[in-house]
Amino acid sequence: MNRFENQIAIVTGAGRGIGEAIAKSLAEGGAKIACVSRSEANSAKVADAINAVHPGAAKPYAVDVADKKAVEAAAAKIFADFGKVDILVNNAGITRDGLAMRMSEEDWDAVLDTNLKGAFNFIQAVMRPMIKQRSGRIVNIASVAGLMGNAGQANYAASKAGLIGLTKTLARELAGRGITVNAVAPGFIKTDMTDVLNENIKSAVVGQIPLGRFGEPGDIAAAVAYLASADASYITGQTLTVDGGMVMA
Ligand code: NAP
């Protein structure tokens, strides 16, 4: 199904995990992909894997999303390489967990700068051309932590709740220009990020998930593809929770 034919997508954090699954799924739908990740090796690995199946569909960009100047330079290169951007998926994210009482300024700043400012950096870099073309899809990857809070993740939960507020605000600012802005809030998904949790924590978490298991990166990619597609053209400012039923509003 070529629902993203002739479309250009930027996926940040495309080097592993959920971002890799999103990049591959949009490419499967016919999109061309700018694979952004922090390391050159991971962005190149995923772009190569996509090109092996869809020749010429992907290019790698090694960028720290927290660095505004670097993001502006990367976006300029992406526009030069592909000519336009139709879809932006802000997925790059990190955790630096610890109780608030002992959380260092560095751990607070690193998480907010990557997860929240990083998304805003890329949004600002693509916003003007999207407004000009009067179309666009922006999908921000939040987290259930941003909806319900999570002890030990003050920085992470604040960054993800911030992303949800950013999503709603930009949805209002950009709706008149044919651009939708939505968020996906994953629950616990099997990636490097959750692999570091010890077995006790993992089984305690599974006990809180009505569907009784962690999700797969593909579960998030499917939700992102829907929100990025023409099928979702009347949906904006929403947060779609994909968490096996953990959070029910
Ligand atoms: P992951 O496996 O740790 O992968 C994170 C990706 O983000 C990597 O490709 C990494 O680049 C990239 N990245 C990190 N910091 C970056 C920076 N400063 N600039 C550019 N790229 C950066 O994480 P994941 O589990 O797939 O998570 C993806 C997103 O989903 C994150 O926003 C996360 O908060 C969110 N999320 C995940 C879960 C979960 O259970 N896994 C749950 C809720 C929300 P390199 O590969 O180059 O290092």
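Residues numbered from 1 in each chain as written. Predicted model: local features only at pLDDT ≥ 70, side-chain atom pairs only at ≥ 80, totals over all residues. Heavy atoms only, no water.

Topic: the overall build of the chain
So, point 1. Of regular secondary structure, the chain possesses 9 helices and 7 strands.
So, point 2. The globule rule puts the C-alpha radius of gyration for 249 residues at 18 Å, and the 17 Å found for the chain is close to it.
So, point 3. Taking the principal axes of its C-alpha atoms as reference, the chain extends roughly 45 × 40 × 35 Å.
So, point 4. Relative to its full complement of 249 residues, the chain shows a buried share of 49%.
So, point 5. Sequence-distant contacts in the chain: of pairs separated by 6 or more residues, those separated by 24 or more amount to 72%.
So, point 6. Here the chain has roughly 11,700 Å² of accessible surface; of this, 53% comes from carbon and sulfur atoms.
So, point 7. Treating the 25 positive side-chain charges of the chain as one cloud and the 24 negative ones as another, the clouds have centres 7 Å apart. (Helix = DSSP H or I, 4+ residues; strand = E, 2+ residues; numbered from the N terminus. Rg over C-alpha atoms; globule rule 2.2 N^0.38 Å. Buried < 20%, exposed > 50% of the residue type's maximum accessible area, 1.4 Å probe, protein only. Contact = heavy atoms within 4.5 Å. Areas by Shrake-Rupley, 256 points an atom, 1.4 Å probe, with all protein chains shown as cover. Lys, Arg positive; Asp, Glu negative; His and termini not counted. Charge placed at Lys NZ, Arg CZ, Asp CG, Glu CD.)

Quick notes on the nonpolar core
So, point 1. One finds I22, L26, I33, C35, I50 and V184 to be the most contacted residues of the largest nonpolar core, which totals 33 residues.
So, point 2. Every element with two or more residues in this core is listed here: β1 (8-12), α1 (17-28), β2 (32-37), α2 (40-53), β4 (87-90), β5 (136-141) and α9 (217-228).
So, point 3. Sort the elements by how many residues they give to this core and α9 lands first, with 7 residues.
So, point 4. If you look at the next biggest cluster of nonpolar residues, it comprises 31 residues, including A34, V71, L88 and I179. (Core = buried A, V, L, I, M, F, W, Y, C linked by side-chain atoms within 4.5 Å.)

Points about the environment of A100
So, point 1. By the secondary structure assignment, A100 is in the loop between β4 and α4 (105-133).
So, point 2. Classification of A100 as exposed rests on a relative accessible area of 56%.
So, point 3. Considered as a pair, A100 and V65 are 35 residues apart in the sequence and their alpha carbons are 25 Å apart.

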